[in-house]
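# Descriptive analysis of the structure
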Amino acid sequence: MRRLVPLVTLALAAGCSVGGEAPVDHTVVLVTHDSFDVDQALLDRFKAQSGITVEPRKSGDAGALTNQLVLTKANPIGDVAFGVDNTFASRALDEGVFAEYRSPEADKGPQRYAVDGSGRLTAVDVGDVCVNVDPAALGGEVPKTFEDLADPKYRDKFVVEDPATSSPGLAFLLGTVAHYGEQGWVDYWGRLKANGVKVVSGWEEAYTQEFSGSSGKGPRPIVVSYASSPSAEVGEDGKARTAALLDTCFRQVEYAGVLNGAKNPEDAKKVLDFLLSEPFQKTVPEKMYVYPAREGVALPDTWTAAAPLPQEPATLPAADIAAQRQRWIEQWRSTVGG
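A short tour of the structure in this document, coming up.

## What to know about the sheet that holds strand β8 (residues 222-226)
For sheets, the rule is that strands pair by backbone hydrogen bonds, running either parallel or antiparallel. One open sheet accounts for 5 strands, arranged β7-β6-β8-β5-β9; its pairing is mixed. Unpaired on one side and paired on the other, β7 (198-200) and β9 (243-250) mark the two borders of the sheet. Averaged over all pairs of adjacent strands, the angle between strand axes in this sheet comes to 35°, irrespective of strand direction. Of the strand pairs in this sheet, strand β6 (residues 158-161) and β8 are connected by 2 bridges, and their pairing is parallel. Directly across from F158, in β8, lies its bridge partner I222.

Here you go:
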């Protein structure tokens, strides 16, 4: 006698539910900045464990990413976003871009960098912006402080990024505001301009084309980059050819959050948990040249000497940045002419 297979069994075998409904899609669109990088094998393991496919979509630097998220908040372009940093966080929160979600992983280090108490943004990594130098090209006469950079001995040797178009450029501007205060930072930039500082649109041009200590072997031995950048310039002898000036650093924290109106919010929460997990956090230094937000994650051996995390970087309250950012940029533009 032929055995009849129940309708429910057939429906499940076909991957759909009774009544012709489409199968549940466990794809999560992760909107990121252009510097996001992750091992595909790690994403594959996460999929095997969770059933979730992570689909990264890059959307410019931190500023461009934030603008895109704000402009599309009524119809989100993804489920979860990573890469909004502390220079733009308040704007994203004020615009209601992110939904409330407090990850169980957030109390393992990320809570140190919380913007507010809402849980809408959770820190994933720290990437302090600092001036980097090429000691060999400077003949051993290396600046150490903000003030040194305005010394005539370093005339025409310094390249910076435009704070209106570059996240590290904005972070460096904020560092000068934090250091000199409202009464002094504009004058300081006037002195930098008189000393021949060069302004370019973004980090890629500044570091890989203008800076003498990187692949482009450019003409300028002083550049705004990251505290971690020297780890990428370690020679065969195990020593870094460049150095970060730790007295010029501004703390830059990158956050992730579930987007308001996400098509797949529950799976998006699991992806956020994954970004804070130890397996992902271990890959952050070598894949994106930033420091993990999670406590207890060991840095690569080469970072210990070449790229230690700055202990006393400059900071400004996120609310102050949100309120004054545009005015500071306009003042900077009037002074420097970028």
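## Here's the deal with the side chain of R325
Looking at the secondary structure, you find R325 in helix α11 (residues 318-336). No salt bridge is formed by the buried R325; the nearest opposite charge belongs to D85, separated by 7.2 Å. In this view, R325 contacts T87, F88, R91, L170 and D320; residues no more than four positions away in its chain are not counted.

## A word on the packing of helix α6 (residues 185-194) against α11
In the contact formed by α6 and α11, the axes pass within 9 Å of each other and the chain directions differ by 35°. Relative to α11, the crossing made by α6 is right-handed. Within the contact between the two elements, α6 uses W185, V186, W189, G190 and K193 and α11 uses W328, Q331, W332, T335 and V336. Of the residues assigned to the contact of α6 with α11, the class counts are 6 nonpolar, 3 polar and 1 charged.

## Digging into the sheet that holds strand β3 (residues 80-85)
Taken together, 6 strands build an open sheet; the order of strands is β2-β1-β3-β10-β4-β11 and the sheet is mixed. At either margin of the open sheet sits one strand with a lone partner, and together these are β2 (53-58) and β11 (291-292). Pairing of strand β4 (residues 122-126) with strand β10 (residues 253-258), which is carried by 4 bridges, proceeds in the antiparallel orientation. Residue pairing across strands places A123 opposite Y255, the latter belonging to β10. On top of the sheet, helix α3 (residues 62-71) reaches β1 (27-32) and β3; it is set at about 130° to β3, its chief contact.

## Some points on the environment of F274
The topology assignment puts F274 in helix α8 (residues 265-276). Of the residues examined, F274 reaches a relative accessible area of 8% and is grouped as buried. Residues within four places of F274 in sequence aside, it is in contact with L42, L43, F46 and F280.

## Quick look at the side chain of T248
By the secondary structure assignment, T248 is in strand β9. For T248, the side chain forms a polar contact with the main-chain nitrogen of V131, separated by 3.0 Å. From its side chain, T248 meets the backbone oxygen of L245 in a polar contact 2.7 Å long.

## Description of the pattern of salt bridges
Counted by the stated rule, this structure contains 17 salt bridges. Ionic pairing is found between E105 and K108, a salt bridge with its closest N-O pair at 3.5 Å. E141 is the partner of K153 in a salt bridge, and the nearest nitrogen-oxygen pair spans 3.2 Å. Taken together, the positions of K153 in the loop between β5 (129-133) and β6 and E141 in the loop between β5 and β6 put the pair 12 residues apart, joining distant regions of the chain. Judged by its relative accessible area of 44%, K153 falls in the partly exposed class.

## Quick word on α8
Quick reminder: α-helices carry 3.6 residues per turn. Residues three or four places apart thus point the same way. Here α8 is 12 residues long and its end C-alpha atoms lie 17 Å apart, about the 16 Å a rise of 1.5 Å per residue gives. Among the residues making up α8, those that are buried are D267, A268, V271, L272, D273, F274, L275 and L276.

## A few points about the packing of helix α2 (residues 40-50) against α8
Between α2 and α8, the least distance of the axes is 12 Å, while the angle of their chain directions is 130°. Considered as vectors, α2 and α8 are oriented oblique to each other. Between α2 and α8 the crossing geometry is right-handed. On α8, the residues touching L42, L43 and F46 of α2 are K270, V271 and F274. For the contact of α2 with α8, a count of residues per class yields 5 nonpolar, no polar and 1 charged.

Rules behind the numbers
- Residues numbered from 1 in each chain as written.
- Predicted model: local features only at pLDDT ≥ 70, side-chain atom pairs only at ≥ 80, totals over all residues.
- Heavy atoms only, no water.
- Pairing = 2+ DSSP bridges.
- Helix = DSSP H or I, 4+ residues; strand = E, 2+ residues; numbered from the N terminus.
- Axes fitted to C-alpha atoms, helices over the stretch in contact; angles between N-to-C directions.
- Buried < 20%, exposed > 50% of the residue type's maximum accessible area, 1.4 Å probe, protein only.
- Lys, Arg positive; Asp, Glu negative; His and termini not counted.
- Salt bridge = Lys/Arg side-chain N within 4 Å of Asp/Glu carboxyl O.
- Contact = heavy atoms within 4.5 Å.
- Left-handed = near helix turned anticlockwise from the far one by under 90°.
- Nonpolar A, V, L, I, M, F, W, Y, C, P; charged D, E, K, R; others polar.
- Polar contact = N/O pair within 3.5 Å; in protein donor to acceptor, adjacent residues only side chain to side chain.
- Expected span 1.5 Å × (residues − 1).
- Parallel < 35°, antiparallel > 145°, perpendicular 65-115°, else oblique.

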